[in-house]
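# Descriptive structure summary
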Amino acid sequence: MSSIPSELKYTESHEWVKDNGDGTVTVGITDHAQDALGDLVFVELPEIGKQVAVKDACAVVESVKAASDIYSPLSGEVVGANDALDGAPETINEDAYGDGWIFQLKLSDPSQLDELMDAGGYEQLLADEG
Amino acid sequence: MLIQEHSRPGRRATAQAPLTTADHSTLPQALRRKQRAALPEVSEMQAVRHYTRLSQQNFSIDTHFYPLGSCTMKYNPRACNSLASLPGFLARHPAAPESHSQGIMACLHELQDMLKSVTGMHAVSLAPAAGAQGELAGVMMIRAYHDARGDHDRREMLVPDAAHGTNPASAIMAGFKVREVPTGRNGDVDIDALRAVVGPQTAGIMLTNPSTVGVFDRNIQAIAKTVHEAGGLLYYDGANLNAILGKVRPGDMGFDVIHMNLHKTFSTPHGGGGPGAGPVGVSKRLEPYLPIPLVEKDDDEGYHWLDEDDRPESIGRLTAFGGNMGILLRAYIYARLLGAEGMRRVSEFATLNANYLQARLRAAGFQLAYPERRASHEFIITLKKEAKDFGVNTMDVAKRLLDYGYHAPTTYFPLLVPECLLIEPTETEPKEALDGFVEAMIKIRAEAEQEPETVRQAPHSLPVRRLDDVRAARQLDVAWKPAEGLAESNI
Amino acid sequence: MPFIPHTDEDIAAMLDTIGVDSIDALFDEIPAELRAQGLDGIPAGLSEMEVTQLLQARARSDGEPTCFIGAGAYDHHIPAAVWQITTRGEFYSAYTPYQAEASQGTLQVLYEFQSMMTALTGLDVSNASLYDGASALAEAVLMAVRSNRKVKHPRVLMPRTVHPFYRRTVASIVQHQGIELVEVDYDKRSGRTQIAHCEAVADQPFAALVVPQPNVFGVLEDVDALTDWAQARDALVIGVVNPVALALLSPPGDWGQAGADIACGEGQPLGMPLASGGPYLGFLCCKQAFIRQLPGRIAGKTEDLDGKVGYTLTLQAREQHIRRSKATSNICTNQGLLVTAATIHMAILGAEGLERVAAACHANTARLAQQLCEVPGVEPIFDAPAFHERALRLPAPTETVLAGLAEQDILGGFDLGHEYPELGSALLVCATEKRTDAEIAAYREALTSALVVAKAA
């Protein structure tokens, strides 16, 4: 298991969130999630401009044997989507916390950030899930 | 090599089409094709040789033991094929008048009656073209029933977590919300969890019994009572009907609507993925909603079709011409060959074979998913321990079985048992075949321990080695295209 | 015991291994009150010989009338090799190719079939089959509504010139998806769907327009104009096509400026016997952009560990066994064996063979219509060019005339009056390449006498 970046926030459904400091966040899936899914073959990105609420399914990652919804960790408007994943979904397998980011949100309620787990909390969650 | 790669411009199988091209100058130029379609140009012998060779690259019932759980891969009697292919049946146009259809309609009507009897249902429609279409018809009838009573809030369909994926997918197509019900530790539906979720929103529950975990749900009467008392209906997924054919009738268990997979229980061929047939049976209160057409018998005038005009409340038509008639005929012939006694023997010997195979694998040290339970016509082993000890997973074992000449059981289904194999031997396999399978499993486990790479890299003896599914999905290539400028010619 | 190989010794040994004393004991987890007693209504089993005699008598009783009915199912010649190869046990008794390495035969056939269907339709991708043409249209409608990102209104324009059974099947299958199917009328003179008819119902946005070619009357629609009109309104175009006609007619991928987006239809004319209505074969093709919304199995090309070419099911995450309630469709097992037959049929006929079949059907039907219209009172209903079916008006009730023809062992056609009362006594006739001049002449004579009887009645 690779390390869990301390500067990011996490959800119970294995998304990570990076606070960009300008009212927007970047969202991806954790290294643990990509490892569990296996080789990804497709990513369905959300449409720019779409309004999402916490826990709305807004993207899909597919491996050969599974498809998994990505839930929005926070409420807001989709302002960016990682088009580079189109045709190169394996980027998530290779660099889940970096080039494998999936979408960006402009937050409608930045205080929701406080409700996400920090790296320690996520590490504990993984330990509990065994 | 593809048939397209055998193609040479100008080569043809000349005897199979009209000898000349008739005048078609009345077809307007603007609506005509400009370039010929890039279909193969081969001789008849090349086509015959090519497809004969391809057939030899398949495992099948006729060549291999095929214990694919939940699929009931039993022997397909040859008579069913040859008799369903008699010219009177094969050449009959679907819109032929009833005067020229009494023979086939007699067969269909008797099939409806036999299916009613063996399932304990009030009425049967043969219209659905496959199990999944039967499911859709079934849940649409449940919806039609509630709607006819003005009960428009019943929009939730309960589906056990172990169910086939078609169940939730069909419920969604019928406009329901799907709510999962967990399976308890012993393999039965968790009845307390069920009681907690039923209510005025419950339209019904879709159940397979015996379930996909290979056991008969002992609480079925309590489940029926719980759902019925909440105002919901019970849907029976007939995927596992082979386990109880002639022994227990879904109608007696309290089911309101069922579908049957004739390509499983009634031994019509699986055909490399169809055609199937998925007749539906219903209790009296759902009869008006059956999909059309139906065959009715009138003592004086023979058999009649019932269509939209006769059945105004029907959920409607599911295919243009009333279903997979050729498959229905095969099932009819099979049912006549078996008779009542033969049907009962189907479930008895399917169950005997499954329990014998289960006992032998258990004795050989394989771990059963539900060791306390009787197997139905199928059962599950989990290779969790082998995966942990030897680093060889269920898929590896499945592929290695192919090397030993056995089609693999169903892998990784149901989802709730890790590293599982769902094994269904069916009643038509002799004891020797089951013993041979056990020996192969024992050998593979020894290989997993001593030479795990052999198992991980399997298969070794098939036309291809392990295929790269990831590449297939990432670098999609789903149709051959002619090289630029080649093969396409003007008409 | 039919199809059960167990000897008494086998049974004893197996029960001993299990540790029970009877087969019945294996059912001891089932509550006793649920065990079925008798199976009333199921007769005793018959020998193969007895069943053969029964079925032969029944098949014989349905006769072998001469067929002039089309209406969605066509009496074409099928090369002998097609079903001899298709019913080889290795194809006939295999299952869905879940273990790809043990199913390369079936998988390669699927890939070849997809390739042939894309060649015929001029579209990028094809699935590996649906149940039949009508249910394929239902899936096409669902797919178009999911795929259209510009028009979110779940409204689909459905011409009345689409086969009525297809329209009803679509209505049944999509009835709970909130999709509005809007009928489009047709021109009573030509039998065509004209732009004006579309305009008349297009006051609100719509996700797709269905375009049949040929249409239910056999008439050729102006597919280019209809396609351009719909796409200019951001709608997708769904072609419903006959695969034999496509040997001569413009493929959906070439329609209008940009080509139809989706094409579907009935594969029965590609080597499937009439067989009372099935099993047939639905096909569904589309532009590459919509592949993830395409329902049904898809075979893809790949490589094995040694880099050798092989085939496998791909994009399975669209399907119910993975995606469950979010799948593109509930479809699972469908028409694998028919795909095998169609593939071998197309391989043997080739494009030129299919063209000859298509041309012969077109010419035979033209001759049939001409000869029938020489019978007093019989006339063509529409004046537009047709492919291999013609709508004729009769001077007596169609039902009575058809019954009179059936008495002479002629299936005279499909009664259009029930579905299109505005056409009066209307009959849809078809003469495939199999109908001889003598049969056509016999039909004309039979019609003459049937009309005499019908008018007298």
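As annotated in an unreviewed UniProt entry, chain B is Probable glycine dehydrogenase (decarboxylating) subunit 2 from Lamprobacter modestohalophilus. According to the UniProt record, the Function (unreviewed entry) comment for chain B is "The glycine cleavage system catalyzes the degradation of glycine. The P protein binds the alpha-amino group of glycine through its pyridoxal phosphate cofactor; CO(2) is released and the remaining methylamine moiety is then transferred to the lipoamide cofactor of the H protein." UniProt, in its Sequence similarities (unreviewed entry) section for chain B, records the words "Belongs to the GcvP family. C-terminal subunit subfamily."

In the annotation of an unreviewed UniProt entry, the entry for chain A reads Glycine cleavage system H protein, and the organism field reads Lamprobacter modestohalophilus. If you open the UniProt record of chain A and go to Subunit (unreviewed entry), you find "The glycine cleavage system is composed of four proteins: P, T, L and H." Among the UniProt annotations of chain A, the heading Sequence similarities (unreviewed entry) holds the following wording: "Belongs to the GcvH family."

This part is about the UniProt feature "domain: Lipoyl-binding" (unreviewed entry) in chain A. The feature "domain: Lipoyl-binding" (unreviewed entry), as annotated in UniProt, sits at residues 24-106 of chain A in this numbering. The span residues 24-106 of chain A carries 14% helix and 42% strand; its end-to-end C-alpha distance comes to 4 Å.

Time to look at the sheet that holds strand S7 (residues 67-71) of chain A. All names here are of chain A. Pairing is antiparallel in the open sheet, where three strands are placed in the order S4-S6-S7. Strands with a single pairing partner mark the edges of an open sheet, and in this sheet they are strand S4 (40-44) and S7. When strand polarity is set aside, the average angle formed by the axes of neighbouring strands in this sheet is 25°. Pairing of S4 with strand S6 (residues 57-63), which is carried by four bridges, proceeds in the antiparallel orientation. Its bridge partner being in S6, valine 43 is matched across the sheet by valine 61.

What follows concerns the UniProt feature "modified residue: N6-(pyridoxal phosphate)lysine" (unreviewed entry) in chain B. Residue and element names in this part refer to chain B. UniProt records the feature "modified residue: N6-(pyridoxal phosphate)lysine" (unreviewed entry) at Lys264, using the numbering of this structure. As for its placement among the helices and strands, lysine 264 is situated in helix H10 (residues 262-265). Not counting residues up to four positions away in its chain, the partners in contact with lysine 264 are Ser70, Cys71, Thr72, Lys74, Ala239 and His270.

Moving on: the environment of lysine 308 of chain C. Along the chain, lysine 308 of chain C turns up in the loop between strand S9 (299-303) and strand S10 (309-313). Excluding anything up to four places from it in sequence, lysine 308 of chain C contacts Pro463 and Val464 of chain B together with Thr302 and Glu303 of chain C. At 2.6 Å, the side chain of lysine 308 of chain C and the backbone oxygen of proline 463 of chain B are in polar contact.

Glancing now at the packing of aromatic side chains. All chains considered together, the criterion is met by 21 aromatic pairs over all chains. Residues tyrosine 95 of chain C and tyrosine 98 of chain C carry aromatic rings whose centres are separated by 5.9 Å and whose planes lie at 70° to one another, so their mutual orientation is edge-to-face. Between phenylalanine 206 of chain C and tryptophan 229 of chain C, the aromatic rings sit 5.4 Å apart at their centres with planes inclined by 15°, giving stacked as the arrangement. With a gap of 23 residues between them, phenylalanine 206 of chain C in the loop between helix H8 (195-200) and strand S5 (208-213) and tryptophan 229 of chain C in helix H9 (residues 223-232) connect regions that are remote in the sequence. With a relative accessible area of 2%, phenylalanine 206 of chain C lands in the buried category. Site record: aromatic cluster; members linked through ring pairs are Tyr75, Phe266 and Tyr334 of chain B together with Phe3 of chain C. Taking the ring centre of phenylalanine 165 of chain C as reference, the NZ or CZ of arginine 317 of chain B above it sits at 4.2 Å.

The next subject is the domain arrangement of chain B. All names here are of chain B. Here chain B is partitioned into domain 1 (79-338) and domain 2 (343-474). For domain 1 versus domain 2, the separation of C-alpha centres amounts to 30 Å. With 29 residues of domain 1 in contact, the opposing surface of domain 2 contributes 20 residues. Taken together, both faces of the contact between domain 1 and domain 2 bury some 1,900 Å²; the carbon and sulfur share is 58%. Applying the counting criterion to the domain 1 and domain 2 interface returns two salt bridges. Notably, a salt bridge pairs aspartate 188 with arginine 373, separated by 3.0 Å at the nearest N-O pair. There are 10 residue pairs in polar contact (both at pLDDT 80 or more) connecting domain 1 and domain 2. A total of three residues in the side of domain 1 that touches domain 2 trace back to one element, the largest contributor, which is helix H11 (residues 325-363). A class-by-class count of the residues in the side of domain 1 that touches domain 2 yields 14 nonpolar, 10 polar and five charged.

Rules used throughout
- Residues numbered from 1 in each chain as written.
- Chains lettered and ligands numbered in written order.
- Predicted model: local features only at pLDDT ≥ 70, side-chain atom pairs only at ≥ 80, totals over all residues.
- Heavy atoms only, no water.
- UniProt positions renumbered as here; feature names shortened; annotations may be inferred.
- Helix = DSSP H or I, 4+ residues; strand = E, 2+ residues; numbered from the N terminus.
- Pairing = 2+ DSSP bridges.
- Axes fitted to C-alpha atoms, helices over the stretch in contact; angles between N-to-C directions.
- Contact = heavy atoms within 4.5 Å.
- Polar contact = N/O pair within 3.5 Å; in protein donor to acceptor, adjacent residues only side chain to side chain.
- Phe/Tyr/Trp six-rings, centres within 6.5 Å; stacked < 30°, edge-to-face > 60°.
- Buried < 20%, exposed > 50% of the residue type's maximum accessible area, 1.4 Å probe, protein only.
- Lys NZ or Arg CZ within 6 Å of the ring centre and 35° of its normal.
- Domains from an automatic or database assignment.
- Buried area = accessible area lost by both parts, 1.4 Å probe.
- Salt bridge = Lys/Arg side-chain N within 4 Å of Asp/Glu carboxyl O.
- Nonpolar A, V, L, I, M, F, W, Y, C, P; charged D, E, K, R; others polar.

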